[in-house]
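# Structural overview for review
Read off the chains here:
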Amino acid sequence: MRRSLALLAAALLASAFTVPTASAADGDEGFTIKDPRITESSGLAASRRHPGIYWTHNDSDDGAYLYAVDSATGETVATLTLTGVGRPRDVEAVSIGPGNQIYVGDIGDNLGGTWDHVWIYQLPEPKELKDQTLRATQYVVKYSDGPRDAESLVVHPRTGRVYIVDKNEAGGHLYEGPAELSSSGTNVFEPIAAVPDLEATDAALSPDGERLVVRSYFGSLAYDWNDGRIKRTGRLGVPSLGQGESVTYTADGTKVMFGNEGADSSVEPLDAPGASADGSGRSPSADGGSAAAGSEDGGISVGAGAIAVVVACALILGLGRLRRRG
């Protein structure tokens, strides 16, 4: 009896210093795109409607197609054919906006910025994953300071506003579109912030809209979103993937997924900068606030651990009394 109590007390004390680990989210362990049709995956977006599904597309000369790839198997589970958009020229990006809307950026310009306009396509993310044809809305896009090449498009998850980062070896700019895109006129994008020190090949906003990651072929930068007036917070590495062309946050915001071009291309994760298990950048507590920083850093969390300590101490005191009576 005394030995059992002692062992129980020791176990409870040990549990007080143990921080439980969160389970892995769908699709955050990395995968390989197996579809032989996908040889130039240039954009990536984590589905909000279908956990573990990632939308991607080829670069150019493929047609108006989107592919839904299951991260558990790497297999394509649905192919969307877009109508109402003509023939795409250079599709470079895909992003998910509010209301499960998919935005596709036909914004590349392999001629170095000579086209006087580019296009964005918008369509609803389907409720059912199957091969189907969907009508998309086409938007004409111009830049206030002239034509340019771009491969990065993000949609703010709360406001639905669309942003583009242009591609330039010396660094580019974040361009902001109108509050609402118009399908009947030209949508002029204005530069609002510099994105120096990298040649942007894709970008991604966190699901809460608070952080931005911009990647290049060999590196990436993290920013606080700051209402579009971005503030750089650090430099991230990228997995060694070859020609790095795509990036997206996982649906829960805990990982950033980096992809590349080529047949059988891989998609690899890195921990998202500043993100917690709920993707908010804060560790949630029972009352809806944030927990102490110590628990996020692997320190002792208050609550269950403290209770275990109290119970263990009570058992140890009881054991001492039994010994004195003996």
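Everything that follows concerns the structure shown earlier in this document.
Here we summarise the structure given alongside this text. (Residues numbered from 1 in each chain as written. Predicted model: local features only at pLDDT ≥ 70, side-chain atom pairs only at ≥ 80, totals over all residues. Heavy atoms only, no water.)

## Some thoughts on the sheet that holds strand β5 (residues 76-83)
Quick reminder of the rule: We call two strands paired when DSSP finds no fewer than two bridges between them. Helix and strand assignments come from DSSP, with helices taken as H or I runs of at least 4 residues and strands as E runs of at least 2, each series counted from the N terminus. To obtain an axis, a line is fitted to C-alpha atoms, over the contacting stretch when the element is a helix, and the angle between two such axes runs from 0 to 180 degrees between their N-to-C directions.
Read from one edge of the open sheet, five strands run β2-β3-β4-β5-β9, paired in mixed fashion. Each end of this open sheet is capped by a strand with a single partner; those strands are β2 (43-46) and β9 (132-135). Put simply, the sheet's adjacent strands are angled 25 degrees from each other on average, direction ignored. Summarising the sheet, β5 and β9 pair through four bridges and their orientation is parallel.

## Considering the sheet that holds strand β19 (residues 244-249)
Reading across the sheet, the four strands line up as β1-β21-β20-β19 and stay open at both edges, with antiparallel pairing between neighbours. Across the chains shown, the open sheet's two edge strands, defined by having one partner strand only, are β1 (31-32) and β19. Summarising the sheet, strand β20 (residues 255-260) and strand β21 (residues 266-271) pair through five bridges and their orientation is antiparallel. Bridging from a neighbouring strand, Phe258 pairs with Glu268 of β21.

## A closer look at the side chain of Asp109
The criterion, for reference: Buried means the residue's accessible area, taken with a 1.4 Å probe over protein chains only, is under 20% of the maximum for its type, while exposed means over 50%, and partly exposed covers the values in between. Counting rule for charge: Lys and Arg are taken as positive, Asp and Glu as negative, and neither His nor the chain ends is counted. In the sections that follow, a salt bridge refers to a side-chain nitrogen of Lys or Arg positioned within 4 Å of a carboxyl oxygen of Asp or Glu. Whenever a nitrogen or oxygen atom comes within 3.5 Å of another N or O atom, the pair is scored as a polar contact, on the condition that within protein one atom can donate a hydrogen and the other can accept it, and that pairs from neighbouring residues in sequence are kept only if both atoms are in side chains.
Residue position: Asp109 is located in the loop between β7 (101-106) and β8 (118-124). Buried charge without a partner: Asp109 forms no salt bridge, and the closest opposite charge is Arg89, 6.8 Å away. Separated by 3.0 Å, the side chain of Asp109 and the backbone nitrogen of Trp115 make a polar contact.

## Looking at the packing of aromatic side chains
So the rule is basically this: Aromatic pairs are defined between Phe, Tyr and Trp rings, using the six-membered ring for Trp, whenever the two ring centres lie within 6.5 Å; interplanar angles under 30 degrees are classed as stacked, those over 60 as edge-to-face, and all others as tilted. Placement of a charge over a ring requires the Lys NZ or Arg CZ to be within 6 Å of the ring centre, with the centre-to-atom vector within 35 degrees of the ring normal.
Summed over the entire model, instances satisfying the criterion amount to four aromatic pairs. Ring geometry for Phe31 against Tyr54: centres 5.3 Å apart, planes inclined by 40 degrees, an arrangement best described as tilted. Here the residue Phe31 occupies a position in strand β1, and Tyr54 occupies one in strand β3 (residues 53-57), the gap between them amounting to 23 residues. For the pair formed by Phe31 and Tyr54, the shared burial category is buried. Looking at Arg89, its charged tip hangs above the ring of Trp119, at a distance of 4.4 Å from the centre.

## Regarding the nonpolar core
Selection rule: Among buried residues, those of type Ala, Val, Leu, Ile, Met, Phe, Trp, Tyr and Cys that are joined through side-chain atoms within 4.5 Å constitute a nonpolar core. The contact definition used throughout considers only heavy atoms, calling two residues in contact when any of these lie within 4.5 Å.
Counting 20 residues, the largest nonpolar core has Leu66, Leu82, Ile102, Val104 and Leu123 as the members making the most contacts within it. Where this core is concerned, the elements lending two or more residues are β3, β4 (65-70), β5, β6 (93-97), β7 and β8. Those residues in contact with Leu82 that sit more than four places away from it in its chain are Ala64, Leu66, Tyr121, Leu123, Leu134 and Ala136. The next biggest cluster of nonpolar side chains, apart from the first, holds 17 residues, and it includes Tyr163, Leu174, Leu205 and Val214.

## Re unusual backbone geometry
Across residues other than glycine, the phi torsion is negative in most instances, and most of the peptide bonds are trans. Within the chain, Asn100 stands out as a residue other than glycine whose phi angle is a positive 55 degrees. Structurally, the position occupied by Asn100 is in the loop between β6 and β7.

Everything listed is a geometric property; what it means functionally is a separate question.
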